[in-house]
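Structural description and commentary
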Amino acid sequence: MKQAVDYTGRNVLVMGLGLHGGGVGIARFLASRGASVTVTDLRSEQELRPSVNALAELPIRFVLGEHRESDFRQVDMVVRNPAVPLDSPYLATARRSGVPIEMEMGLFFSEWPPAQTIGVTGTRGKTTTATFIHHLLQAHGADTVLAGNMRVSAVGMLDSLKEDQTVVLELSSWQLEGLDEHRISPAVAVVTNLLPDHLNRYEDMAAYAEAKKTIVRHQNRSDLAVLNRENAYSKSFAAATPAEVLWFSHDDDLPGWERARVSGDHNRANLAAGVLAASRFDIPQSTLEGAIATFPGVPYRQELVAVVGGVRYVNDSTSTTPDATLAALSTLDGRIVLIAGGSDKGLSFLALATRIGSLGERIGRVMLLTGAGTEALEPLLPPHVCSHAEDMEDAVREAAEIARPGDTVLLSPACASFGQFANEFDRGDQFNRAVERLKR
């Protein structure tokens, strides 16, 4: 491990508290290392109450409901939340004032060696793949921890990490943005796929791909990149890294797959990627087979929540793109009542709408949540399948009235959650609670 950084006496501004745990983890970490911490967020204290309460015992100053330019001039460092865009005028103020701008992963790798890190990114499947790698390494007896873009702060674990551990990190494109200037990539990098997403943040797919390429761009020749043989963008990732490249696909032979608890070609590809990522640990075939067969999957990702009155309720709340919802529809059999819609990410819904239309009577209804994404999706759908829901409680209640024994009520929104929900996890939690009320 590298030497721990002492922030005593430094004034640090954390830009973006959020509700995913990352802002809380950063603020707590910096305060524990002696920094004088100010947290600023455009959302109000009421909206951020869970995060504010989590930091209540620490001497942290909050500026909520606004950003103030003076705060960005009068500090020693700004740490920006991944959701804050690079072109924020407040960050420009900090740059003009000579204030360095950091992100969580930059702070993490200032103390943790990339050589002991497995990083996973991609548009879809990165949480499942990272979680499976952790599950597989644990089955092998390796000392490993899991963190990153799954509401687990990486810097929050720094003081408890041991020298011989392997850290598995799920990394979003936004988190990777902070590593380019440090010229850091994890020694083992997995890219599950690259599909249209976040085009409300990036100018085009090329810009989105460039942000993702940071995961391999600064690797060494002795490192390993695990790439998707079936994804059109993978060749450009292979060209961007000097590391050894191993290729995976959903057709790979996986021992234990016939007994796996997860299903679908997309999950088979995720687990295949995980097996290659752990290939340098020399894991016996019997251990691989057992880990693949026992992997339970990940909450909010095609998670079977309950069976009520013969109807299956499946929570796929983290499907925030049309491609992800297409994957869910291809996995499930039988008649489906779909809960979809939400805020817009600048993506095309044409393929999803075409697929829904082609399913005919297999789609019992599409319950639409409110948002700009819904406004783009609805005109492409057959009018007779569409209904509107005021909130998640309303959507689940109406879906339950429509569904018949043997059907599946699927929450797979194809849209972001912001506006009606705090985040996709809040959306999933509200679905779970609404389903639980059906049992009463």
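As a reminder, the structure under discussion sits directly above these lines.
Residues numbered from 1 in each chain as written. Predicted model: local features only at pLDDT ≥ 70, side-chain atom pairs only at ≥ 80, totals over all residues. Heavy atoms only, no water.

The helix and strand tally for the chain stands at 17 helices and 17 strands. Along the three orthogonal principal directions, the C-alpha set of the chain runs to about 65 × 50 × 40 Å. Looking at the chain as a whole, 57% of its 440 residues are labelled buried. Within the chain, residue pairs in contact and separated by at least 24 positions form 70% of the contacts whose partners lie at least 6 positions apart. Approximately 17900 Å² of the chain is accessible, and the part contributed by carbon and sulfur atoms is 48%. Counting 42 positive and 54 negative side-chain charges, the chain places the centres of these two groups 0 Å from one another. (Helix = DSSP H or I, 4+ residues; strand = E, 2+ residues; numbered from the N terminus. Buried < 20%, exposed > 50% of the residue type's maximum accessible area, 1.4 Å probe, protein only. Contact = heavy atoms within 4.5 Å. Areas by Shrake-Rupley, 256 points an atom, 1.4 Å probe, with all protein chains shown as cover. Lys, Arg positive; Asp, Glu negative; His and termini not counted. Charge placed at Lys NZ, Arg CZ, Asp CG, Glu CD.)

Turning our eyes to something else, we now look at the nonpolar core. For soluble globular proteins, the rule of thumb is that nonpolar side chains tend to be buried together. Counting residues in hydrophobic clusters, the biggest one holds 50 residues, and the most contacted among them are Leu30, Val37, Leu107, Phe108, Leu161 and Leu169. With residues up to four places along the chain from it excluded, the contact list for Phe108 reads Ala154, Val155, Leu158, Leu161, Val167 and Leu169. In this structure, Met150, Ala277, Leu288 and Ala291 belong to the second largest nonpolar core, which totals 33 residues. (Core = buried A, V, L, I, M, F, W, Y, C linked by side-chain atoms within 4.5 Å.)

A full pass over the atoms with the stated rule returns 23 salt bridges. Between Asp143 and Lys162 there is a salt bridge whose closest N-O contact spans 3.1 Å. One end of the pair, Asp143, is in the loop between helix 6 (126-140) and strand 7 (144-148); the other, Lys162, is in the loop between strand 7 and strand 8 (166-170), with 19 residues separating them in the sequence. Taking relative accessible area as the criterion, Asp143 reaches 30% and is therefore assigned partly exposed. On the basis of relative accessible area, Lys162 is assigned to the partly exposed category, the value being 45%. With a closest N to O distance of 3.1 Å, Arg201 and Glu177 form a salt bridge. Separated by 24 residues along the polypeptide, Arg201 in the loop between strand 9 (188-191) and helix 8 (205-212) and Glu177 in the loop between helix 7 (173-176) and strand 9 bring together distant segments of the chain. The same class applies to Arg201 and to Glu177, which are both buried. Salt bridges sharing partners connect three or more residues here, namely Arg61, Glu66, Arg68 and Asp71. (Salt bridge = Lys/Arg side-chain N within 4 Å of Asp/Glu carboxyl O.)

We now examine the environment of Ala272. Along the chain, the position of Ala272 falls in helix 11 (residues 265-277). Residue classification places Ala272 among the buried residues on the basis of a relative accessible area of 3%. Apart from residues no more than four positions distant in its own chain, Ala272 is found in contact with Phe248, Ser249, Asp252 and Leu254.

So, on to the environment of Thr129. One can find Thr129 in helix 6. Linking Thr129 and Leu271, residues 142 residues apart in sequence, is a C-alpha distance of 6.2 Å. In contact with Thr129, other than residues within four places in its own chain, are Val120, Val190, Thr192, Asn270, Ala273 and Gly274.

With respect to topology, six strands assemble into an open sheet ordered 7-8-6-9-10-11, the strand pairing being parallel. Edge positions in the sheet fall to strand 7 and strand 11 (244-248), since each has one partner strand and no second. Each strand of the sheet is rotated relative to its neighbour by a mean of 20 degrees, with strand direction disregarded. Strands in contact with helix 6 are strand 6 (117-121), strand 7, strand 8 and strand 9; relative to strand 8, the strand with the most contacts, it is inclined by about 165 degrees. (Pairing = 2+ DSSP bridges. Axes fitted to C-alpha atoms, helices over the stretch in contact; angles between N-to-C directions.)

Before going further, it helps to examine the pairing of strand 3 (residues 61-64). Pairing of strand 2 (residues 36-41) with strand 3 involves four bridges; the strand directions are parallel. Counterpart to Thr40 in the pairing with strand 3 is Val63. Each parallel crossover has a hand, and for strand 2 linked through helix 2 (residues 49-54) to strand 3 it is right-handed. (Right-handed = clockwise from strand over helix to strand, strands pointing away.)

Another aspect to go through is unusual backbone geometry. Phi is positive for Arg151, close to 70 degrees, though the residue is something other than glycine. Relative to the assigned elements, Arg151 resides in the loop between strand 7 and strand 8. Of note in this structure, Ala414 is not a glycine but carries a positive phi near 65 degrees. Mapped onto the elements, Ala414 comes out in the loop between strand 17 (408-411) and helix 17 (424-438). Given the relative accessible area of 2%, Ala414 is considered buried.

On to the packing of aromatic side chains. Inspection of every chain in the model, using the stated rule, returns seven aromatic pairs. Here the aromatic rings of Phe108 and Phe109 are separated by 5.2 Å at their centres, their planes lie at 80 degrees, and the arrangement is edge-to-face. Phe108 gets classed as buried once you look at its relative accessible area, which sits at 0%. Between Phe108 and Trp112, the aromatic rings sit 6.5 Å apart at their centres with planes inclined by 40 degrees, giving tilted as the arrangement. For the pair Phe108 and Trp112, one class covers both residues: buried. Taken together, Phe108, Phe109 and Trp112 form an aromatic cluster joined through their ring pairs. Over the ring of Phe425 we find Arg151; its NZ or CZ atom is 3.9 Å from the centre of that ring. Here Lys213 stacks its cationic end above the ring of Phe237, 5.9 Å away from the centre of that ring. (Phe/Tyr/Trp six-rings, centres within 6.5 Å; stacked < 30°, edge-to-face > 60°. Lys NZ or Arg CZ within 6 Å of the ring centre and 35° of its normal.)

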